[in-house]
Structure formats: C-alpha cells, structure tokens
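# Summary of structural features
For reference, the chains in residue letters:
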Amino acid sequence: MLSLTDKEIDLISTQLLKGMICFYQIDKKKIHHMPDDEDYYNYDLTPDEEDILDEIEENPDNYAEFTQMEPAQEHQMMQDFIDRRVKEKNLADDLVSSLTKPKANTAFKFLIEDSKYKKDWIEFRTEKYQDWIKEQVDSFNYTEG
C-alpha cells in the first residue's frame, strides 16, 4: 500500500509543474525525478538517471510513476479557476478566450501573470496538482491490490 507524506506530495507536485516525471521508489521511500521525454527531446540523461530507468525496468513493482496532467485536465483546471475565482467579467472573458487559442497554456499564463490573481492561480494550481498526485496514489494502490 503506497502512502505519501504531505511533504512528498508537495515535492512531487513541484517537480511535475516544472515538466518533470517522478518515480517513487517504494522500498527506499525515495523520489526520483527527471525530465519528461516528451518535453525535452534534446535532453541527454545523466548516468544516474539511466541507472534509475534500468532499475525501474528490472523491478517495476517497486516504483510508482507520477506524471503531469493531460492537456484536457490542465484545460479543465484553468476553466475551473476562471469559474470559481475570477470576479472581473472582462478578465474572465479574456481568460476564456485564451483557452481557445492554439497555445492556450501560454496565453492563459500571460494574462494571469499580469493580474491580481497570479498568487491565487499558483495556489489553486498547486492544490489541484496535489489532488492529482493523491488520485495517482489511489490508482496505484487499486491496481496493486
């Protein structure tokens, strides 16, 4: 049964938000993180990272993998933030409009960065990512059980 401390959940969410992928080594209660392949095509793994991946391949049951939200989940999280937190109609309209653009995350972030909601967004997003990690823990425990 996998269970993480709040500190571990916080560390994993911080790494995922930076574009990393995390592996929790169950027997040693240790968190490994490295760039997510899809985001870093030109990134060369360090020898330590290659060793960790080899070990994961050899003993997959000893590792729980934590990944970023899918784009649709990220999009829904941004929409929820607009619906629940943004009070100014003009900004809300601009944010909703930004979500329809090809680079929705970038457009949304650009608008939020210059608003009074920047801190609220960071807290909201962190909280949602921590919930996402807990969901992944539940899913891991369910499939292991």
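In what follows, the accompanying structure is described. (Residues numbered from 1 in each chain as written. Predicted model: local features only at pLDDT ≥ 70, side-chain atom pairs only at ≥ 80, totals over all residues. Heavy atoms only, no water.)

A few words on helix H4 (residues 89-98). Buried within H4 we find Leu91, Ala92, Leu95 and Ser98. End-on view of H4: buried residues confined to an arc of 120°, all on one side of the axis. Among the exposed residues of H4, those pointing more than 90 degrees away from its buried face are Lys89 and Asn90. Those residues of H4 that are buried lie in contact with helix H3 (71-85) and helix H5 (104-113). (Buried < 20%, exposed > 50% of the residue type's maximum accessible area, 1.4 Å probe, protein only. Helix = DSSP H or I, 4+ residues; strand = E, 2+ residues; numbered from the N terminus. Arc of directions from axis to C-beta. Contact = heavy atoms within 4.5 Å.)

The grouping of Asp27, Asp44, Asp48, Glu50, Asp51, Asp54, Glu55, Glu57 and Glu58 at the surface amounts to a negative patch. Locating Asp51 in the fold gives a position in helix H2 (residues 47-58). Of the residues examined, Asp51 reaches a relative accessible area of 48% and is grouped as partly exposed. (Patch = residues over 30% accessible without salt bridge, like charges linked within 9 Å, V, L, I, M, F, W, Y side chains within 5 Å. Areas by Shrake-Rupley, 256 points an atom, 1.4 Å probe, with all protein chains shown as cover. Salt bridge = Lys/Arg side-chain N within 4 Å of Asp/Glu carboxyl O. Lys, Arg positive; Asp, Glu negative; His and termini not counted. Charge placed at Lys NZ, Arg CZ, Asp CG, Glu CD.)

Here we come to the pairing of strand S2 (residues 30-35). Relative to S2, strand S1 (residues 20-25) runs antiparallel, the two sharing six bridges. Paired with Tyr24 across the strands is Ile31, a residue of S2. (Pairing = 2+ DSSP bridges.)

To continue, consider the side chain of His32. By secondary structure assignment, the location of His32 is in strand S2. Dropping the residues within four chain positions of it, His32 is found in contact with Ile21, Cys22, Phe23, Gln25, Ile52 and Tyr63.

Take the environment of Ile12 next. Here Ile12 lies in helix H1 (residues 6-17). Accessibility expressed as a relative area gives 0% for Ile12, which makes it buried. Remark: the alpha-carbon pair of Ile12 and Ile31, spanning 19 residues in sequence, is separated by 7.7 Å. Discounting residues that sit within four places of it in the chain, Ile12 has contacts with Leu4, Cys22, Ile31, Phe66 and Ile133.

This paragraph deals with the sheet that holds strand S3 (residues 63-66). One open sheet accounts for three strands, arranged S2-S1-S3; its pairing is antiparallel. Strand pairing shows two members of the sheet lacking a second neighbour, S2 and S3, which therefore form its edges. Neighbouring strand axes in the sheet, compared pairwise and without regard to direction, differ in orientation by 20° on average. On the sheet, H1 packs against S1, S2 and S3 and is oriented at approximately 150° with respect to S1. (Axes fitted to C-alpha atoms, helices over the stretch in contact; angles between N-to-C directions.)

Looking now at the packing of H3 against helix H6 (residues 118-144). Contact geometry of H3 with H6 gives a least axis separation of 11 Å together with a crossing angle of 130°. Taken together, the axes of H3 and H6 are oblique relative to one another. The handedness of the crossing between H3 and H6 is right-handed. Judged by residue contacts, Gln73, Glu74, Met77, Met78, Asp80, Phe81, Arg84 and Arg85 of H3 engage Asp120, Trp121, Phe124, Arg125, Lys128, Tyr129 and Trp132 from H6. When its residues are assigned to classes, the contact of H3 with H6 shows seven nonpolar, one polar and seven charged. (Parallel < 35°, antiparallel > 145°, perpendicular 65-115°, else oblique. Left-handed = near helix turned anticlockwise from the far one by under 90°. Nonpolar A, V, L, I, M, F, W, Y, C, P; charged D, E, K, R; others polar.)

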